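Report on the structure
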Amino acid sequence: MSITNNIDNDIKFLAKSEIRLKILGELDKKPDNVQGIAKKTSIAYSSVSNNIGKLETHNYITKVENKYYINPMTQVYFKTLMDFKNSVELVNDYDAFWDKHDINQLSIESIKRITDLKNSQLIETTPIDIYKTHNTIKNQIMDSKNVRAIFPYIHPEYPKLIESILENDGTVELIVPKGIFNELMFRINGNVRREAIRNKKLNVYSFKDDLNLYLTICDDNMSLGLFKNDGSFDQNRVLVSNDRQSYIWAEELFNHVKKQVKE
């Protein structure tokens, strides 16, 4: 049997049972005995004992004295399974945000680490609040001293928001499509713009291709918007978060796009 088939069979065996995954989850944290695992997982002692026996027989875990230890290769399989499981759950939870949307400008690393967005909140417009997504992002920007963003279009309020940050000695770093670069720059007050550029408080990068991505990174939060598959920006949905993992995820995506500008 090939190595690939062995790996497939290993993953299928582990993924087939929720009980086995829970047992491995506990052993991944620290070695334990059957009684301890049964208590922590609230799974019947007999079920834990039965599945522990199967895991040990197939060499996924090893018993040392009275405790079971997860084997190194099993840890790799377990982490891969849980990452995949969490990714599927995240996509399903925010199905309206991801489905039928263009994610081609997300980096491979961003997609691989999509579970870093698990503590995000999906903000959607409603019939009685059609500006909910815009106002959410606007408030984030207004309350921040430092902003980095990918703007695929210019909202009429953006130049004034940028001016306000710069006038309060904040910093702004933007990536915009080449087609709107000049328009955005000239909408910012000339004196404010020139002084900010001179003091390295304002950096605006021109992206030569289309930008099918919306991203803001403010002092303590981030927001992400996507384009639909038909090429139109989805103004009705935005993913926001003040979680540290989400913030780092957004920073790395911003730097990924920024690198393309500089190449």
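Anything mentioned here points back to the structure above.
Notes on the structure in this doc start here. (Residues numbered from 1 in each chain as written. Predicted model: local features only at pLDDT ≥ 70, side-chain atom pairs only at ≥ 80, totals over all residues. Heavy atoms only, no water.)

Most of strand 9 (residues 222-228) sits inside the fold, with six of its seven residues counted as buried. Here strand 3 (residues 101-102) runs beside strand 9; their pairing, made up of two bridges, is antiparallel. Paired with D102 across the bridge in strand 9 is F227. With five bridges joining them, strand 8 (residues 213-217) and strand 9 adopt antiparallel strand pairing. (Buried < 20%, exposed > 50% of the residue type's maximum accessible area, 1.4 Å probe, protein only. Helix = DSSP H or I, 4+ residues; strand = E, 2+ residues; numbered from the N terminus. Pairing = 2+ DSSP bridges.)

Within the secondary structure, L21 is located in helix 2 (residues 18-29). Residue classification places L21 among the buried residues on the basis of a relative accessible area of 10%. Separated by 130 residues in the primary sequence, L21 and F151 place their C-alpha atoms 42 Å from one another.

What follows covers the pairing of strand 1 (residues 61-64). Successive side chains on a regular strand alternate, one facing one side of the sheet and the next facing the other. Across four bridges, strand 1 lies against strand 2 (residues 67-70) in antiparallel orientation. Residue pairing across strands places V64 opposite K67, the latter belonging to strand 2. Between the antiparallel neighbours strand 1 and strand 2 lie two residues, among them E65 with a positive phi of about 60°.

It is worth spelling out the pattern of salt bridges at this point. This structure, assessed with the given rule, holds 13 salt bridges. R113 serves as the salt-bridge partner of D116, at 2.4 Å between the closest nitrogen and oxygen. By relative accessible area, which is 9% here, D116 ends up buried. Across the pair R113 and E252 runs a salt bridge whose closest N-O atoms are separated by 2.2 Å. In this pair, R113 sits in the loop between helix 7 (108-112) and strand 4 (121-124) while E252 sits in helix 12 (residues 244-262), placing the two residues 139 residues apart along the sequence. (Salt bridge = Lys/Arg side-chain N within 4 Å of Asp/Glu carboxyl O.)

Bringing the nonpolar core into the picture now. In terms of nonpolar packing, the biggest core is built from 29 residues, with I141, F151 and L174 touching the most fellow members. Breaking this core down by element, the ones donating at least two residues are helix 8 (132-142), strand 5 (146-150), helix 9 (158-167), strand 6 (171-177), helix 10 (178-187), helix 11 (190-198), strand 7 (202-207) and strand 10 (237-241). Considering each element in turn, this core owes the most residues, five residues, to helix 9. Excluding its chain neighbours within four sequence positions, the residues that come into contact with I141 are V147, F151, L161, I165 and C218. In this structure, L215, L224, A250 and F254 belong to the second largest nonpolar core, which totals 25 residues. (Core = buried A, V, L, I, M, F, W, Y, C linked by side-chain atoms within 4.5 Å. Contact = heavy atoms within 4.5 Å.)

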